[in-house]
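Listed below, chain by chain, are the residues.
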Amino acid sequence: MSKWKETSKIDAHIHLTPDDVIEANSDFDGKFIVNGSAKDYLNLMEKYKIEKAFIMPFNDPYMLSMEFTIEAVHNNLLKIAKEYEGKFLCFADIDIRRDIFETLNEFDRVFKNENFIGIKIHPTNTGYPIDGLYYDKIFEYAEKNNLLLEIHSYPRESLLDDVCSPLRIKKMLRKYPNARVSIAHLGGFQFNELIGSDIYANISAVLPDLVKRLGLKQTNNILRSFGVERLIFATDYPDNRILKAEEIYDSYFEILDSMDFSQEEIMKICKTNALKMIGK
Ligand SMILES: [Zn+2]
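About the criteria used
- Residues numbered from 1 in each chain as written.
- Predicted model: local features only at pLDDT ≥ 70, side-chain atom pairs only at ≥ 80, totals over all residues.
- Heavy atoms only, no water.
- Pairing = 2+ DSSP bridges.
- Helix = DSSP H or I, 4+ residues; strand = E, 2+ residues; numbered from the N terminus.
- Donors = N, O, S within 2.8 Å, 3.2 Å for Na, K, Ca; no water.
- Buried < 20%, exposed > 50% of the residue type's maximum accessible area, 1.4 Å probe, protein only.
- Core = buried A, V, L, I, M, F, W, Y, C linked by side-chain atoms within 4.5 Å.
- Contact = heavy atoms within 4.5 Å.

Colleague: Honestly, the sheet that holds strand β2 (residues 50-55) in this entry has me stumped. Any pointers?
Modeller: Each strand in a sheet pairs with another by means of backbone hydrogen bonds, the pair being arranged parallel or else antiparallel. Spatial ordering of the open sheet is given by β1-β2-β3-β4-β5-β6-β7-β8, a layout of eight strands whose pairing is parallel. Unpaired on one side and paired on the other, β1 (9-14) and β8 (231-232) mark the two borders of the sheet. Pairing of β2 with strand β3 (residues 88-92), which is carried by three bridges, proceeds in the parallel orientation. Residue pairing in the sheet places Ala-53 in a bridge with Phe-88 of β3.

Colleague: In this structure, what is going on with the coordination of the zinc ion? I would like to understand it.
Modeller: In an ideal octahedron of six donors the angles at the metal are 90 or 180 degrees, and in an ideal tetrahedron of four donors they are 109.5 degrees. Protein-derived ligands of the zinc ion are His-13 (NE2), His-15 (NE2) and Asp-236 (OD), with the metal-ligand distances lying across 2.1 to 2.2 Å. Along the chain, the residues donating to the zinc ion are arranged with the sequence spacing H-x1-H-x220-D. Since its relative accessible area comes to 0%, His-13 is described here as buried.

Colleague: Mind showing me how you'd approach the nonpolar core here?
Modeller: The tendency in soluble globular proteins is for nonpolar side chains to be buried side by side. Tyr-41, Phe-88, Ile-119, Ile-138, Phe-139 and Tyr-249 are the most contacted members of the largest nonpolar core, which totals 82 residues. Grouped together as the second largest cluster of nonpolar side chains are 14 residues, Ala-12, Met-56, Ala-234 and Ile-278 included.

Colleague: When you look at the environment of Val-163 in this model, what are you seeing that I'm missing?
Modeller: Assignment of secondary structure puts Val-163 in the loop between β5 (148-152) and α9 (166-175). By relative accessible area, which is 18% here, Val-163 ends up buried. Through-space distance from the C-alpha of Val-163 to that of Asp-131 is 8.1 Å; in sequence the pair is 32 residues apart. If we skip the residues at most four places from it in the chain, Val-163 touches Pro-123, Thr-124, Gly-127, Tyr-128, Pro-129, Ile-130 and Arg-168.

Next comes the structure, spelled out in structure tokens:
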């Protein structure tokens, strides 16, 4: 029996696609279209004991709306959260082509709604560095309003100054020491730079990649070095660099079952830490 599969959990980083976007792109067989339906995802939630999932936008409004604005993206995410009440919480989107003041105004609107729990920053999708001025204003806003920031960090391995690199992130953590920050993908293969930082670290996307390259034991040690209190279960479903969408959950649980986490620790990583992270 899989301990990880059977433990009630939150997946703290997934992607769903609004129905109208799926319909408009049905000729295109990308994973976000084929595997992105909220209705289909409910079956996985049941199968894998996922109580709740956090839906992430892409910092690219073309992915989640047919109007291509963050307002439309937010309305679409909210629609999913309302339709399946209690199942999903959402992160707010950013479109860096927009004036920063418009973006912050939209945050004021969106965070009146408790289905939104944080802001997603995706420096790789925007091609803009995490320590750039636009994101600096977002950090300032998030720190001031005590909002969680979820930062994509899966940099190109050899580029210590990649737009989403841990070195740049740490610069922002020093500038905004009270910002609540969650790092998606552990900083990729630059994970070493983040160990010891005051962050939450989620294992979305990167876990199978680490195991493939470094083996199970070393990956287990890496996870432990972030600290059991900081680790968050997440997959990035339906996206993965080496797995097909339908392989993701079974593969995650197979890997995690082979590691040395106790049942008490599994419960923290699967749920307690995520609830603490979002202040619940
Ligand atoms: Zn993602």
